[in-house]
Amino acid sequence: MEVYVKPNEPRYWVMMISAILIGYLLVKLFDRIPKEKKGRSLKVLGLCMILLHGYIPVSQILDPDYAFSVHRNLPLHFCALNFWLIAFNCFFRFRILFVFTIFMGFIGCLHSFLTPLLFVGDSLPLVVHYVIVHSSLVSVPVIMIRHFNMEIKKYDWIRAFWFDVTISAVMIGVNYCLNTYVDNPLSDPANYMYVSEMPNVDNPLLPKSFSWPMCLIPVYIILAAHILFVNRFIFWRLGVEVNSFKEFFH
């Protein structure tokens, strides 16, 4: 059951402040780790992220009283998928994968805390999981910039945009196949990444008046604007190197 946490609820602000503190403390913790131990520590962090993110679906599958559904419980939303990519990249440190995750992470974290939507319930473990996961979407890429020579090139935002568009287009097909060919024990259809229907939250950037698929047009325009903003922020605040246009093709 999806639960929308509104700003007039005290737990909304607890979640916001907790996410900021967790992210800040994690970055500062890595600042204090000796250089020769940072690589191993990043792998340990990646393993902890994998175990954390696997806990929820595994516990739901094993719980005989929980109605697990592939239509609602798979980790296929943008933030969930991005968290997996970040976790595995703690082991491999591929620059191109880092590029995709940092843009997705900044945007996903921003909107996830502007309009928190817990799509499998709001029990305390689920709320804690939500806060840690979405805080990590920003803090772990920042750690990789600060300590592992990850960089964003000037036109990487184009790569990130088309990656997001491609993944969301694939998810339209996934939602369609699940809703058409897989029996659903619940009434709610598959809507991973919210590309089949806009989420039920009070976000002026997510149009509800447009019918599908026309609603995706403003969403992609807004996505491009967000990516450009994040691109400028990264260059301004994190001090990564700006490279030439030619390097976009290499």
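Residues numbered from 1 in each chain as written. Predicted model: local features only at pLDDT ≥ 70, side-chain atom pairs only at ≥ 80, totals over all residues. Heavy atoms only, no water.

Chemist: Which residues make up the environment of Ser-112, and what values go with them?
Modeler: Along the chain, the position of Ser-112 falls in helix H4 (residues 95-114). Note on Ser-112: relative accessible area 11%, which makes it buried. Distance from Ser-112 to Cys-79, taken between C-alpha atoms, is 8.4 Å for residues 33 residues apart in sequence. Each residue touching Ser-112, except ones within four places of it in the same chain, is listed here: Cys-79, Tyr-130 and His-134. (Helix = DSSP H or I, 4+ residues; strand = E, 2+ residues; numbered from the N terminus. Buried < 20%, exposed > 50% of the residue type's maximum accessible area, 1.4 Å probe, protein only. Contact = heavy atoms within 4.5 Å.)

Chemist: Residues and numbers for the pattern of salt bridges, please.
Modeler: Oppositely charged side chains can pair when the atoms bearing their charge come close. Within this structure, the stated rule accounts for six salt bridges. Salt-bridge contacts for Glu-9 lead to Arg-11; the nearest nitrogen and oxygen are separated by 2.9 Å. Two residues, Asp-122 and Arg-11, come together in a salt bridge whose shortest N-O distance is 3.0 Å. With Asp-122 in the loop between strand S2 (117-118) and helix H5 (124-147) and Arg-11 in helix H1 (residues 10-32), this residue pair connects regions lying 111 residues apart in the sequence. (Salt bridge = Lys/Arg side-chain N within 4 Å of Asp/Glu carboxyl O.)

Chemist: Describe a nonpolar patch on the surface, with residues and values.
Modeler: A cluster of nonpolar side chains, contributed by Leu-47, Leu-51, Phe-88, Phe-91, Phe-92, Phe-94 and Ile-96, occupies part of the molecular surface with about 680 Å² of accessible area. Of all the elements in the fold, those that place two or more residues in the nonpolar patch are helix H2 (38-62) and helix H3 (78-92). Examining the composition of the nonpolar patch, we find that three residues originate from one element, H3, more than from any other. Checked against the element boundaries, Phe-91 lands in helix H3. (Patch = residues over 30% accessible without salt bridge, like charges linked within 9 Å, V, L, I, M, F, W, Y side chains within 5 Å. Areas by Shrake-Rupley, 256 points an atom, 1.4 Å probe, with all protein chains shown as cover.)

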